[in-house]
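Inside the fold
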Amino acid sequence: MEPNRYRAGHLESAISFCLLALLFILAVGVVVKQADYDMSRFGIYIEKTGAGEFSVMRVSAFVPAGFETLSRTEIYIPGNLYEKINGKAPLYIESGFEKLYTQRFVSKGNDSLWMELFVYDMANVKNAFSVYSVQKRADVELLPNMLFAYQTANSLYFVHGRFYIEIVGSAETPELYKAMTDIARKFISDVAIDKAMQIEELTLFPRENLVTGSSKLYLRSTFGFEGLNNTFVARYILDGHIITAFFSKRSDGQDAQKVAKNYYNFLIENGGRAKPIANEDLRRLQIKVVDFYGTTEFVFAIGPFVAGAHEAESQYSAERMAVMLINSLSKAVNND
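Residues numbered from 1 in each chain as written. Predicted model: local features only at pLDDT ≥ 70, side-chain atom pairs only at ≥ 80, totals over all residues. Heavy atoms only, no water.

Re the overall build of the protein
Just so we agree on the cut-off: The secondary structure listing takes helices from DSSP runs of H or I that are at least 4 residues long and strands from runs of E that are at least 2 residues long, numbered from the N terminus. Relative accessibility decides the category of a residue: with a 1.4 Å probe and only protein chains considered, values under 20% of the type maximum give buried, values over 50% give exposed, and everything between is partly exposed. Only heavy atoms matter for contacts: two residues are in contact if any of them lie within 4.5 Å across the pair. Per-residue and other accessible areas were derived by the Shrake-Rupley procedure at a 1.4 Å probe size, with only the shown protein chains allowed to occlude residues.
Counting its secondary structure elements, the protein contains seven helices and 15 strands. With 336 residues in all, the protein has 43% of them scored as buried. Counting only contacts in the protein whose residues sit at least 6 apart along the sequence, the fraction spanning at least 24 positions is 61%. When the accessible surface of the protein is split by element, carbon and sulfur atoms take 53% of a total near 18,700 Å².

Here is the structure:
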């Protein structure tokens, strides 16, 4: 019996040791998990590259002279963007948003003067330009030395490659404005972008009578119509009247014809009324004209483009705009 008792005792000791080892492993796992909890719930999101390095933009490095960081950098992703910009998050997410970096800076000499830097990574320059242009008001002051940039009384907005940047100050002062422009210059200087990332479609708009800085890009549901997307628009002043010209490049001419027809039907179904065309050349092109609650709408297809005029105050001026747009887009079609 003694050998059996010895073997039983040895087995019990082995089981106890295994249990203790398992408990130790579980305890270590809990500690590691708590040390690496999901900070994205709090707007802090750190992503590691394959090399183990952090792929986080150091926006704190853009602190201007005379200022210091007021808080830690916050990083938001599509899943929690609403925590920072509640109400506007869907616009950014639907436009290709990938990540938002925010950082506050405060004046060293006056803690009532502070600003917040917002850096939206929109994946490509068209997405960045879209959110910039769609939100830009008509009464802002454009910055002459930058392609897509404007300022208001206490803020500055611009596009740099795939990034859309907002800098919002706590007050309207020369000190804050200088600090904001310093941030913008440093950002453009330090953040490398693909120089080939240009928006070639903007060059297709006729230059004559174009309102500077009025170009926009609607990625979805242009003018409330879901079937019209990736649409570039720009405002013109012809004969003293404001006209919005637009075009969208489709996959081919057949698709362009289909979208143009559907948009025309959309206007009619929503209270529009078909109108005759005065210009004989436009009649031959079978351009559709609609009286839409006192304004004139043009829509037509040329090659792979759907194009037209929106909310024109004068049909005569709208027809002039249509001719200009047709001539410009025809050159693009012939060059393809």
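Here's the deal with the packing of aromatic side chains
Rules: Centres within 6.5 Å make a pair out of two Phe, Tyr or Trp rings, where for Trp the six-membered ring is used; the pair is then stacked when the planes are under 30 degrees apart, edge-to-face when over 60, and tilted otherwise. Definition used: whenever NZ (Lys) or CZ (Arg) falls within 6 Å of the ring centre and also within 35 degrees of the ring normal, the charge is taken to sit over that ring.
Applying the stated rule across the entire model yields 25 aromatic pairs. Centroid distance Phe-163 to Phe-187: 5.9 Å. Interplanar angle 85 degrees. Geometry classified as edge-to-face. Of the two residues, Phe-163 sits in strand β8 (residues 163-169) while Phe-187 sits in helix α4 (residues 174-190), which places them 24 residues apart along the sequence. When its relative accessible area of 9% is taken as the criterion, Phe-163 is described as buried. The exposure class of Phe-187 is buried, given its relative accessible area of 0%. Here the aromatic residues Tyr-92, Phe-97, Phe-118, Tyr-120, Phe-129, Tyr-132, Phe-148, Tyr-150, Tyr-157 and Tyr-164 are joined through ring pairs into a cluster of three or more. For Arg-104, the ring lying beneath its charged end belongs to Trp-114, and the centroid distance is 4.7 Å. Sitting over the ring of Tyr-264, Lys-288 keeps its end group 5.3 Å from the ring centre.

Points about unusual backbone geometry
Phi angles above zero are rare outside glycine, and Ala-123 is one such case at about 80 degrees. For Ala-123, the location among the structural elements is in the loop between β4 (114-121) and α3 (125-135). Judged by relative accessible area, Ala-123 falls into the partly exposed class, the value being 26%. Although it is not a glycine, Glu-311 sits at a positive phi angle of roughly 55 degrees. You can see Glu-311 is positioned in strand β15 (residues 305-312).

Concerning the nonpolar core
The condition that has to hold: As used here, the term nonpolar core means buried Ala, Val, Leu, Ile, Met, Phe, Trp, Tyr and Cys residues forming a set that is joined through side-chain atoms within 4.5 Å.
Residues Tyr-92, Tyr-120 and Tyr-164 are the most contacted members of the largest nonpolar core, which totals 54 residues. Ranked by residue count, the leading element in this core is helix α7 (residues 315-335), at eight residues. The residues contacting Tyr-120, other than those within four sequence positions of it, are Ile-85, Tyr-92, Phe-97, Lys-99, Leu-100, Arg-162, Phe-163, Tyr-164 and Glu-166. Membership of the second largest hydrophobic core comes to 25 residues, among which are Phe-105, Leu-117, Phe-163 and Leu-176.

Overview of the pairing of strand β10 (residues 231-238)
Rule in force here: Only when DSSP finds a minimum of two bridges between them are two strands counted as paired.
Counting buried positions over the eight residues of β10 gives six, a clear majority of the element. Two elements, strand β9 (residues 216-218) and β10, share three bridges in a ladder whose sense is antiparallel. For Tyr-218, the partnering residue across the bridge sits in β10 and is Thr-231. Summarising the sheet, β10 and strand β11 (residues 241-249) pair through eight bridges and their orientation is antiparallel.

What to know about the sheet that holds β9
Keep this limit in mind: Axis definition: a line fitted to C-alpha atoms, limited for helices to the stretch in contact. Angles are taken between N-to-C directions and run from 0 to 180 degrees.
The antiparallel open sheet is built from seven strands, whose spatial order is β9-β10-β11-β15-β14-β13-β12. The open sheet is flanked by β9 and β12 (273-274), the only strands paired with a single partner. Against the sheet, α7 makes contact with β10, β11, β13 (288-292), β14 (295-302) and β15, and its axis sits at roughly 20 degrees relative to β14, the strand it touches most.

Focus on α3
Defined as follows: N or O atoms within 3.5 Å of each other form a polar contact, as long as, within protein, one can give a hydrogen and the other can take it, and as long as residues adjacent in sequence are counted only when both atoms are side-chain atoms.
For α3, a buried count of eight out of 11 residues is recorded, marking the element as mostly surrounded by other parts of the structure. For α3, the set of buried residues is Val-125, Asn-127, Ala-128, Phe-129, Ser-130, Val-131, Tyr-132 and Ser-133. Close packing links the buried residues of α3 with α2 (89-94), β6 (149-151), β7 (155-160), β8 and β9. Measuring from the side-chain oxygen of the N-cap residue of α3 to the backbone nitrogen of Lys-126 gives 3.1 Å; that N-cap residue is Asn-124.

A few points about the side chain of Thr-231
Along the chain, Thr-231 turns up in strand β10. The buried category is assigned to Thr-231, whose relative accessible area is 0%. Separated by 3.1 Å, the side chain of Thr-231 and the backbone oxygen of Asn-229 make a polar contact. Once residues lying within four places of it in the same chain are set aside, the contact partners of Thr-231 are Lys-216, Leu-217, Tyr-218, Thr-222, Phe-246, Phe-247 and Ser-248.

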